[in-house]
Amino acid sequence: MPELVFFSGTMDCGKSTLALQIEHNRSARGLQGMIFTRDDRAGVGKLSSRLGLVTDAVEAAEGFDFYAYLVGHLSKGGRCDYVIADEAQFLSPEQIDQLARVVDDLELDVFAFGITTDFRSKLFPGSQRLVELADRVEVLQVEALCWCGARATHNARTVGGEMVVEGAQVVVGDVDAGDEIGYEVLCRRHHRRRMTAATARAAALSPDVLPVTPM
Ligand SMILES: [Zn+2]
């Protein structure tokens, strides 16, 4: 039976690397996949992993219809044995519904990869719809670690080095110098306390944390 599988996790949990691995394993067995992504850090029409691997992909922009695209591809004699959708957190709920229809009506496996929650620890709409519809949810546990050494389960956004919990859900791409927005993965405890690696370092160096004898 074809399946809709949602591989979910934090940033840096190895989702795109696994997507590329699945693609490699299946194409080595002679299968042909259709790869989609949205706003990959490597640019339009690319699926990349932090380990430096890149492959071409179809850009599933806002309003893109997965079901119509695949029906069009197949009806023109194109081949597709399975579907990979990376950065699925950025997809709309309607687009996730289309992916479910691809599984049910076109009888193709669909492997969707996405970050579960945003920097406010709220579900992305695309990820929420995947949790609702997927036949299987696989939580990726490539050990992303908080600065304290605990397993990182939450994504933090920093602006100018300070962790923030408000702002637009999506700010696209990796952040480079000149852009003061950054991301860091944290354990829940330190996400709740808004304590990033830099904040923790500063606190450890600050005389404020030395015991104070009440006068
Ligand atoms: Zn921690």
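As the structure is a computational prediction, the values presented were derived from the model and not from experiment.

Student: I tried to follow the packing of aromatic side chains on my own but got confused; where do I start?
Tutor: The relative placement of two aromatic rings is captured by the distance of their centres and the angle of their planes. Taken as a whole, this structure holds nine aromatic pairs when the rule is applied. Here the aromatic rings of F7 and F113 are separated by 4.8 Å at their centres, their planes lie at 10 degrees, and the arrangement is stacked. In this pair, F7 sits in strand 1 (residues 4-9) while F113 sits in strand 7 (residues 109-115), placing the two residues 106 residues apart along the sequence. Classification of F113 by relative accessible area gives buried; the value is 0%.

Student: Would you mind showing me how to read the UniProt feature "binding site: ATP" (unreviewed entry) in the chain here?
Tutor: Here, the residues flagged by UniProt with the feature "binding site: ATP" (unreviewed entry) are G9, T10, M11, D12, C13, G14, K15, S16, D86, E87, A88 and Q89. Along the polypeptide, G14 turns up in the loop between strand 1 and helix 1 (15-28). Topologically, Q89 is positioned in the loop between strand 6 (82-85) and helix 3 (93-106). With residues up to four places along the chain from it excluded, the contact list for Q89 reads F113, G114, I115, F124, G126 and S127. Within polar-contact distance, the side chain of Q89 engages the side chain of E87 at 2.9 Å.

Student: Is there a simple way to explain the environment of G30 in this structure?
Tutor: Residue position: G30 is located in the loop between helix 1 and strand 2 (33-37). Taking relative accessible area as the criterion, G30 reaches 44% and is therefore assigned partly exposed. Spatially, the C-alpha atom of G30 lies 33 Å from that of A144, the residues being 114 residues apart in sequence. Contact partners of G30, with chain neighbours within four places excluded, come to R79 and D81.

Student: Hey, could you run me through helix 4 (residues 125-133) in this one?
Tutor: Owing to its 3.6 residues per turn, the α-helix aligns residues three or four sequence positions apart on the same side. All of the buried residues in helix 4 are G126, S127 and L130. The buried residues of helix 4 occupy an angular sector of 95 degrees when projected down its axis, which confines them to one face. Lining the buried residues of helix 4 we find strand 1, helix 3 and strand 7.

Student: Whenever I open this one, the UniProt feature "active site" (unreviewed entry) in the chain confuses me. Can you help?
Tutor: Residues given the UniProt feature "active site" (unreviewed entry) here are E87. Checked against the element boundaries, E87 lands in the loop between strand 6 and helix 3. Given the relative accessible area of 10%, E87 is considered buried. For E87, the residues in contact, after removing those within four places along its chain, are S16, T37, R38, D40 and F113.

Student: Would you take a moment to explain a nonpolar patch on the surface for this structure?
Tutor: On the surface, L123, V131, V137 and V139 cluster together into a nonpolar patch covering about 310 Å² of accessible area. For V131, the location among the structural elements is in helix 4. Overall, the relative accessible area of 43% leaves V131 in the partly exposed class.

Student: Before we go on, may I ask you to explain the domain arrangement of the chain in this structure?
Tutor: The figure often quoted for interface size is the accessible area lost as the parts come together. Under the domain assignment used here, the chain contains domain 1 (1-142) and domain 2 (144-204). Each of domain 1 and domain 2 has a C-alpha centre, and the two are 26 Å apart. Taken together, the contact pairs 19 residues of domain 1 with 20 residues of domain 2. By the criterion of area lost to domain 2, the three top residues of domain 1 are T10, M11 and F119, representing 43% of everything that side buries. The interface formed by domain 1 and domain 2 contains zero salt bridges.

Student: What should I look at first to understand the coordination of the zinc ion in this one?
Tutor: Coordination angles at a metal have ideal targets, namely 109.5 degrees for four tetrahedral donors and 90 or 180 degrees for six octahedral donors. Listed as protein donors to the zinc ion are C146 (SG), C148 (SG), C187 (SG) and H190 (ND1); their distances from the metal cover 2.0 to 2.3 Å. Taken together, the four donor atoms coordinating the zinc ion span angles of 99 to 116 degrees at the metal, a pattern that classifies the geometry as tetrahedral. Counting gaps between the donor residues of the zinc ion yields the pattern C-x1-C-x38-C-x2-H. Each member of the pair, C187 as well as H190, carries the same accessibility label: buried.

Cut-offs applied
Residues numbered from 1 in each chain as written. Predicted model: local features only at pLDDT ≥ 70, side-chain atom pairs only at ≥ 80, totals over all residues. Heavy atoms only, no water. Phe/Tyr/Trp six-rings, centres within 6.5 Å; stacked < 30°, edge-to-face > 60°. Helix = DSSP H or I, 4+ residues; strand = E, 2+ residues; numbered from the N terminus. Buried < 20%, exposed > 50% of the residue type's maximum accessible area, 1.4 Å probe, protein only. UniProt positions renumbered as here; feature names shortened; annotations may be inferred. Contact = heavy atoms within 4.5 Å. Polar contact = N/O pair within 3.5 Å; in protein donor to acceptor, adjacent residues only side chain to side chain. Arc of directions from axis to C-beta. Patch = residues over 30% accessible without salt bridge, like charges linked within 9 Å, V, L, I, M, F, W, Y side chains within 5 Å. Areas by Shrake-Rupley, 256 points an atom, 1.4 Å probe, with all protein chains shown as cover. Salt bridge = Lys/Arg side-chain N within 4 Å of Asp/Glu carboxyl O. Domains from an automatic or database assignment. Buried area = accessible area lost by both parts, 1.4 Å probe. Donors = N, O, S within 2.8 Å, 3.2 Å for Na, K, Ca; no water. Tetrahedral: all angles 85-135°; square planar, octahedral: opposite > 155°, others 65-115°.

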